[in-house]
Amino acid sequence: MAEEPFTRRTVTVVMAVIAVLAFVFSFGNVWALALRLGVPPPYRPADRPLVDLSVVGLLVALRFLALRGVPEAELKAGTRLLHLCGLLTLALNTAEPLLAGRYDRACLDTVAPLLLLGWGHVGRASSPTSTPPHKVAGST
């Protein structure tokens, strides 16, 4: 099927763009939290890249392994770490608005981490070893 490589490439590009935009979007949230907590200037931007780069690395690694046919069971440890990083991203994104009483902004700031987690599952679901959603295992 000629459209299969195009679809895989498109999903990969969309995942990468969302990861980059989420990184840029959430950087300001963590900076504001670091200011509120009194973190010294040289250390303010340190935590954000650690978590975001972990998410990006895991998304890329899980996507690569899924496309190479690695079974889902063998991806569980990476998936768990991706979920932990997603929760950390969610906490870092929403901490400052919640502390400031800006619940509307905290709700808005949950979008990026939830999208990253969702795309992590979409990326694996579009691998050649996955079962399409319209087919049930064992059916003909």
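You'll find the structure just up there.
Please read these numbers as outputs of a predicted model, since none were measured by experiment. Residue indices follow the written sequence of each chain, beginning from 1 at its first position. Local features in a predicted model are, by the rule used here, given only for residues with pLDDT of at least 70; side-chain atom pairs are given and counted only at 80 or more, and totals for whole chains, interfaces and linings are based on all residues. Excluded from the side-chain calculation are hydrogens and water; included are all heavy atoms of the structure.

**Points about the layout of surface pockets**
Item 1. Of the volumes computed, that of the largest pocket is approximately 180 Å³.
Item 2. Space inside and on the surface of the protein is sampled on a 1 Å grid over the protein atoms alone, with a cavity defined as a set of points where a 1.4 Å probe fits but cannot get out and a pocket as an open set with protein on both sides within 12 Å along at least 5 of 7 lines; lining residues have an atom within 4 Å of a point. Lining of the largest pocket is provided by Thr12, Met15, Ala16, Ala19, Val56, Leu59, Val60, Arg63, Phe64, Leu67 and Arg68.
Item 3. Among the secondary structure elements, those contributing two or more residues to the lining of the largest pocket are α1 (3-37) and α2 (47-67).
Item 4. Secondary structure elements follow DSSP: runs of H or I no shorter than four residues count as helices, runs of E no shorter than two count as strands, and numbering proceeds from the N terminus. If one sorts the elements of the lining of the largest pocket by residue count, α2 sits on top with six residues.
Item 5. Each residue gets one of three labels, nonpolar for Ala, Val, Leu, Ile, Met, Phe, Trp, Tyr, Cys and Pro, charged for Asp, Glu, Lys and Arg, and polar for the others, Gly among them. Partitioning the lining of the largest pocket into residue classes produces eight nonpolar, one polar and two charged. Grid points are joined across faces, edges and corners, and a volume is the space filled by probe spheres set on the points.

**A look at the environment of Ser26**
Item 1. Looking at the element boundaries, Ser26 is found in helix α1.
Item 2. Exposure is judged per residue with a 1.4 Å probe applied to protein chains only, and the accessible area is read against the type maximum: over 50% gives exposed, under 20% gives buried, and values in between give partly exposed. With a relative accessible area of 1%, Ser26 lands in the buried category.
Item 3. As for Ser26 and Asp109, which are separated by 83 residues in sequence, their C-alpha atoms are 7.7 Å apart.

**Some words on the nonpolar core**
Item 1. The nonpolar core is taken to be a set of buried Ala, Val, Leu, Ile, Met, Phe, Trp, Tyr and Cys residues, with the residues joined through side-chain atoms within 4.5 Å. Val55, Leu59, Leu75 and Leu82 are the most contacted members of the largest nonpolar core, which totals 13 residues.
Item 2. Top element by residues in this core is α2. It accounts for five residues.

**Some remarks on a nonpolar patch on the surface**
Item 1. Patch membership needs two things, relative accessible area over 30% and no salt bridge, and members are linked within 9 Å if like-charged or within 5 Å if nonpolar (Val, Leu, Ile, Met, Phe, Trp, Tyr). Here, Shrake-Rupley sampling with a 1.4 Å probe gives the accessible areas, and only protein chains in the shown set may cover a residue. One speaks of a salt bridge when a side-chain nitrogen belonging to Lys or Arg is within 4 Å of a carboxyl oxygen belonging to Asp or Glu. A cluster of nonpolar residues, Phe25, Leu108, Val111 and Leu115, forms a patch on the protein surface that exposes about 340 Å² of accessible area.
Item 2. In this fold, Leu115 is placed in helix α5 (residues 111-125).

**Some words on the pattern of salt bridges**
Item 1. Within the structure shown, the criterion is met by three salt bridges.
Item 2. Close ionic contact of Arg36 with Glu96 constitutes a salt bridge, the shortest N to O distance being 3.4 Å. Highlighted residues: Arg36 in helix α1 and Glu96 in helix α3 (residues 76-99), separated in sequence by 60 residues.
Item 3. The network of salt bridges with shared partners includes Arg36, Glu96 and Arg105.

**Comments concerning α1**
Item 1. Expected span, for any helix, means 1.5 Å times one less than how many residues it has. For α1, which comprises 35 residues, the first-to-last C-alpha distance of 50 Å matches the rise-based estimate of 51 Å (1.5 Å per residue) to within 8%.
Item 2. Those residues of α1 that sit buried are Val11, Met15, Ile18, Ala19, Ala22, Ser26, Asn29, Val30, Leu33 and Ala34.
Item 3. Just past α1, the residue Gly38 takes up positive phi, approximately 75°.

**So, α3**
Item 1. An ideal rise of 1.5 Å per residue puts 34 Å on 24 residues; α3 measures up with 34 Å between its terminal C-alpha atoms.
Item 2. One axis fitted to the seven residues ending at a residue, another fitted to the seven starting there: the angle between these axes is the bend at that residue. The sharpest bend along α3 reaches about 30° and sits at Asn93, with the proline Pro97 one to four residues further on.
Item 3. Every buried residue of α3 is listed here: Gly78, Thr79, Leu82, Cys85, Gly86, Thr89, Leu92, Asn93, Thr94, Glu96 and Pro97.
Item 4. Looking one or two residues beyond α3, the residue adopting positive phi is Gly101, at roughly 80°.

**Concerning the side chain of Glu96**
Item 1. Take Glu96: its relative accessible area is 10%, and that puts it in the buried class.
Item 2. Working rule for contacts: check all heavy atoms of both residues, and any pair within 4.5 Å makes them a contact. With residues up to four places along the chain from it excluded, the contact list for Glu96 reads Asn29, Ala32, Leu33, Arg36 and Arg105.

**Details of the environment of Pro97**
Item 1. Mapping Pro97 onto the fold places it in helix α3.
Item 2. Residues Pro97 and Leu108 lie eleven residues apart in sequence; the distance between their C-alpha atoms is 9.9 Å.

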